[in-house]
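Overview (structure and organization)
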Amino acid sequence: MAWRAIQDTVGQSVSLACVSDLAERLYWRLLGCSDPWGRLNGHPLKLRALCFPMLKVSDEQAGEALHQLVS
């Protein structure tokens, strides 16, 4: 897993506070799943399988969470 620096001010992020709980959960899971350059396939089906393998999250829910993070 790649090393990522997480700032202590992340709890004060307005943009992260404006997304759903699932989108924030996806945000944190993406950190551990992406390559050393922060890249990852963005297809909702692949994201769901990679980031939520043990949760009942649909492909549509994963896609909406991703859309919230991109917006």
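Residues numbered from 1 in each chain as written. Predicted model: local features only at pLDDT ≥ 70, side-chain atom pairs only at ≥ 80, totals over all residues. Heavy atoms only, no water.

1. Structural notes on the layout of surface pockets
Quick note on the threshold: Only protein atoms enter the calculation, which uses a 1 Å grid: trapped sets of points that fit a 1.4 Å probe without letting it out are cavities, open sets showing protein on both sides within 12 Å along at least five of seven lines are pockets, and any residue with an atom within 4 Å of a point is a lining residue. Grid points are joined across faces, edges and corners, and a volume is the space filled by probe spheres set on the points. Counting from the N terminus, the helices are DSSP H or I runs at least four residues long and the strands are E runs at least two residues long. Put simply, Ala, Val, Leu, Ile, Met, Phe, Trp, Tyr, Cys and Pro go in the nonpolar bin, Asp, Glu, Lys and Arg in the charged bin, and everything else, Gly too, in the polar bin.
Estimates place the volume of the largest pocket at around 180 Å³. In this structure, the largest pocket is lined by Ile 6, Val 10, Ser 13, Ser 15, Leu 16, Val 19, Tyr 27, Trp 28, Gln 68, Leu 69 and Ser 71. For the lining of the largest pocket, the elements supplying multiple residues, two or more each, are α1 (14-17), α2 (21-33) and α4 (59-70). Looking at side-chain class alone, the lining of the largest pocket contains seven nonpolar, four polar and no charged residues.

2. Regarding the pattern of salt bridges
Cut-off, in case you're wondering: The term salt bridge refers to a pairing of a side-chain nitrogen on Lys or Arg with a carboxyl oxygen on Asp or Glu at a separation within 4 Å. Summary of the burial criterion: residues with accessible area below 20% of their type's maximum are buried, those above 50% are exposed, and those between are partly exposed, where the area comes from a 1.4 Å probe applied to protein chains only.
Per the counting criterion, the structure on display carries two salt bridges. Ionic pairing is found between Arg 39 and Asp 35, a salt bridge with its closest N-O pair at 3.0 Å. The exposure class assigned to Asp 35 is partly exposed, which follows from its relative accessible area of 22%. For Asp 59, the salt bridge goes to Arg 48, with nearest N and O atoms at 2.7 Å. Of this pair, Asp 59 sits in helix α4 while Arg 48 sits in helix α3 (residues 44-51); the two residues are 11 residues apart in sequence, bridging distant segments of the chain. Of the residues examined, Asp 59 reaches a relative accessible area of 25% and is grouped as partly exposed.

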